[in-house]
Amino acid sequence: MSTAASVPAPRGIIRRPSATTGWLSWFTTIDHKKIGLLYGMSAFVFFIIGGSEALLIRAQLAKPDNTLLNADQYNQIFTMHGLTMIFLFVMPMSAAFFNYLIPLMIGARDVAFPRLNAFSYWVFLFGGLFLYSSWFLGGAPNGGWFGYPPNSTTDPSIGMTFYALGLIITGIASSAGAINLAVTVVNMRAPGMTLFRMPVFVWMGLVVQFLLAFSLPIVTVALFEMLFDRRWQTHFFDPTAGGKPLLWQNLFWLFAHPEVYILILPAFGIISEILPVFSRKPLFGYQFVVFSGIAIGFIGFGVWAHHMFAVGLGPTANTAFGITTAIIAVPTGIKIFNWMGTMYGGDLHFDTPMLMAVGAVAMFVIGGLSGVTHAVVPSDYQQTDTYYVVAHFHYVLFGGAVFGLFGGMYYWWPKIFARQLSERLGKVQFWIMLVGFNLTFGPMHILGLEGMIRREYTYPAALGLTFWNQVSSVGAYLIALSTLVFIVNAVKTQRKPKGLANEDPWDARTLEWTTSCPPPVYNFEEIPVVHSLDEFWHRKYVEDKEGRLVRVPAGASDHAAADGHGAGHAIHLPSPSFWPLVASIGLPMIAYGVLYSWWLVGAGALIAIVGFMGWAMEPSVAD
Amino acid sequence: MRTKRWLALGLLTVTLLLVSCSKDIPQNTMNPAGPTAQTEKNLLVLVLWPAAAVFLIVEGGILLISIKYRHRKGRDRMPAQLHGHTRLEIGWTIAPAIVLAVIMVPTVSTIWQLARQPADAMHVTVQGYQWWWGFQYTDPDMQVGYGDHDPILTADVMVIPVGRTVDLALTSLGGGARTTTGVPDHEVIHSFWAPRLFGKQDVVPGETNHIVFSADTPGVYWGQCAEFCGLQHGRMKFRIRALDEADWQAWVAREKTPATAPTDPLAKQGMDLFLGTGGVGGQCIQCHSIGGTDATGTAAPNLTHFAAATHECFAGCDFETTDTAALRAWLTDPNAVKMGAKMPDYGLTQDQISALMAYLYSLK
């Protein structure tokens, strides 16, 4: 309806780019789908790097008294493995799914702030590259992803300064992204898309954005204090000058426990989308799944000290946090039971997405059960800081999150690329990964109970830990093999010609499948009007007199998507912009400046300011 | 189907047996040797039963559902569209909550039980350094019989009497370990853990945590630092030797005596080198102490009874004291055998090392 007259004439100093194709357009894109792809591809590269670090760790621990890596190398590698997998793989891979899918699932044309979205991506990428540049500039972070001072603040190598600065940068990316996606979900939903008609994936996305927005400031404070302690000899964590080492632990875990849910809830969302589609039944107990997710988000802020049961908080605090930790198992259990309820009585199609999703549920349960043993505080005195804990959180974060994310990749691949990954290779990957995963992390329960501590670069043969370590190392290489199968699958698939015989290959339920594969840049010809949960499903099926579902004949639905319009011209979309990229380059420059020269800080700040100014001043559309 | 479930149960049992029965695993938490570790293990086992039940119900359920309701070719069935079931939801909210509440009862009471510090306990202050442990016996009857009557001080091996309750005070900066510039160098967080005797407690600079434990039978119990503390975190080990009453009394009596000056000429030469009394050497005493001599350094282990049979390992319990090759390698270049070790390489000649070793081995 809008005519040119109602749009204010574009004003600005510098012309905006307009190309949406070609390699240059990837640097100026503000399309949430392209940014989602950038996030996904970058995160996958970091997954390969972080995985290679894991393989080095397992190679080193494959035999006692091994000298493959020395203590210094090992400490850097295990620290970078953790940082990479958490901040540079699972978080951005989740951001990739959120970016690509949330606007499509709620019937929007883009996120609320498209340029801020591009800025988030570039800041994340530069933050990751900044962290990795430390390998070449004097040594990577070596104090663990948890970075406990005073060890981290007094370590003479430069690594932990890179840690503080790098995490501040990636934190900026996540904060901007969180605000953006939260606003998108709250404000940009299509007509009729009430909160309780949103797919669970969108709900979990919303919860994650709030967790990020409230937890990141806490760790940012801690990281600045660490930076100040290291760079300018302040004494926040220095006990010899009245500082408190435990201050860091409280601040860090008050962020890092919600972070665990930031890592797992996206996968929960994906599982909640996949199970109904492949069971051909609606999600069992939708409201309970949603509210348990919200409950996990809230309670997640009240359990942080269960990472600190052995630091001497005293019996009162240990009792309180033991109880809250037990409580958080309840909403998690509700999710598991509802997923089982979804599958119960269904018509289960075990395509790869379904295998991955069911595998994720089955593996997460094991991590959840070992998690309950951590709530038993006195038993945790034995298990904390041992391989039992390593086993526990890998069952949660690899078993739960990574299986879930792979499931999401297989499920939405046709949507995104208009090609379908090979089912045969997908199943091969799943089974190798499942076996490899359990061989790697299952024995770690035993190793932990047998007294193997975390973060030790070698162990003597006399401890009797050799056998299970060997099993675990073999498993790790099986996981690597399964990842290789995935890469082969992806490459082979992408070589095939574009185009799907059926644009709804899984008989899906949600709005993103109502548009073409891949979706046009404007997502929807017409903004859909939503009438129910599982909107797309209800456009395809109605219940007959006996309550059975029958397919709606084409064109017979009273609210089927109208077609026949032209190919989306007259749809107003913001133009690409290179200012987010410019502004984000300034941040790592400032960080390098903090390490090396105030001049660089000034130059970086100048570039960032120029970027933001250009951003503010540029015309709203390319002319 | 049923066979699979029994298989799973069998596997679980075999795993537990493997963990709990193997004798040659010196840090096995499932093989406790004292009441503290026993209490902690009992609690874990108590939780493992409901956990195993939930495991079987959920994993078995997933497996059963997956098999029973799997899609079969040629059968195009649209399942009943169940949206939920409120009573079921309430059920599986409340049931786990009750199980958890039941688990938390013994948990909470044990938290408080383990935090109790009995008045009649023996007191030892544990000092965490990078990367070795020192033990200071702070009770009044445990002072040495020479010099300023300081508390008995040992490194690497903590000796205790069997059956006696010990109250450990954990400190990160015990003996005032400082570098030459006076900056505390070793003050980082450690965690003190002897798996067969007690669960870990962190050693936090500026705080004093406690562990209360005892050993049921005489023997040697292994332990190590469990909180990441820098380069050699993995090799910051210690041992606890529990002695019966007679051996304990003999040990205390010996610890109270100063080192005796050696008569063997080579050892005498080593002593001069150690103390700097022969005109050369003397660096050792900046950090090490030897009772009854001028060596009073506090930054490194007390070597008064270095070669006593109870002091069975040195340098973070990385090496057996009887291993002469290890001691020679250590003195030749500590950093070559333990990267980052705080003891510098003094460029000693092999002859000087032989003399020092003779002296150290004379310190019974």
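Residues numbered from 1 in each chain as written. Chains lettered and ligands numbered in written order. Predicted model: local features only at pLDDT ≥ 70, side-chain atom pairs only at ≥ 80, totals over all residues.

### Here's the deal with the interface of chain A and chain B
The interface is formed by 75 residues belonging to chain A together with 78 residues belonging to chain B. Per-element tally for the side of chain A that touches chain B: the top contributor is helix α11 (residues 329-343) of chain A, with eight residues. Here the side of chain A that touches chain B is built from residues that sort into 42 nonpolar, 22 polar and eleven charged. (Contact = placed C-beta atoms within 7 Å. Helix = DSSP H or I, 4+ residues; strand = E, 2+ residues; numbered from the N terminus. Nonpolar A, V, L, I, M, F, W, Y, C, P; charged D, E, K, R; others polar.)

### With respect to the domain arrangement of chain B
Residues and elements named next belong to chain B. What the domain assignment reports for chain B is domain 1 (2-16 + 26-67 + 84-115) and domain 2 (123-364). Distance between the C-alpha centres of domain 1 and domain 2: 41 Å. With twelve residues of domain 1 at the contact, the number on the domain 2 side is 13 residues. Tallied by class, residues from the side of domain 1 that touches domain 2 come to five nonpolar, six polar and one charged. (Domains from an automatic or database assignment.)

### Concerning the sheet that holds strand β5 (residues 166-171) of chain B
All names here are of chain B. What the five strands build is an open sheet, ordered β3-β2-β1-β5-β8; its pairing is mixed. Looking at strand neighbours, the two that pair on one side only are β3 (152-155) and β8 (209-213), the edges of this open sheet. When strand polarity is set aside, the average angle formed by the axes of neighbouring strands in this sheet is 25 degrees. (Pairing = 2+ DSSP bridges. Axes fitted to C-alpha atoms, helices over the stretch in contact; angles between N-to-C directions.)

### Observations concerning the sheet that holds strand β4 (residues 157-161) of chain B
Residue and element names in this part refer to chain B. The strand order across the open sheet formed by three strands is β4-β10-β9, and the pairing between neighbours is mixed. Each edge of the open sheet carries a strand with a single partner, namely β4 and β9 (219-224). Across the sheet, the mean angle from the axis of one strand to that of its neighbour is 25 degrees, orientation sign disregarded. Bridging between β9 and strand β10 (residues 237-243) involves six bridges; their strand directions are antiparallel. Counterpart to Gly 223 in the pairing with β10 is Phe 238.

### Section: the packing of helix α12 (residues 352-375) of chain A against helix α15 (residues 423-449) of chain A
Residue and element names in this part refer to chain A. Viewed as axis vectors pointing N to C, α12 and α15 meet at an angle of 10 degrees, and their least axial separation amounts to 10 Å. Relative to α15, the element α12 lies roughly parallel. Listed contacts from α15 to Thr 352, Leu 355, Met 356, Gly 359, Met 363 and Ser 370 of α12 are Glu 423, Gly 426, Lys 427, Phe 430, Leu 434, Phe 437 and His 445. Tallied by class, the residues present in the contact of α12 with α15 amount to six nonpolar, five polar and two charged. (Parallel < 35°, antiparallel > 145°, perpendicular 65-115°, else oblique.)

### What about helix α16 (residues 466-495) of chain A?
Residue and element names in this part refer to chain A. When the terminal C-alpha atoms of α16 are compared, their 44 Å separation across 30 residues agrees well with the 44 Å that a helix rising 1.5 Å per residue should span. Those residues of α16 that fall on the buried side of the exposure criterion are Trp 468, Asn 469, Ser 472, Ser 473, Gly 475, Ala 476, Ile 479, Ser 482, Thr 483, Phe 486 and Asn 489. As for α16, its buried residues are in contact with α2 (32-60) and α15. (Expected span 1.5 Å × (residues − 1). Buried ≥ 20, exposed ≤ 12 C-beta atoms within 10 Å, placed from the backbone.)

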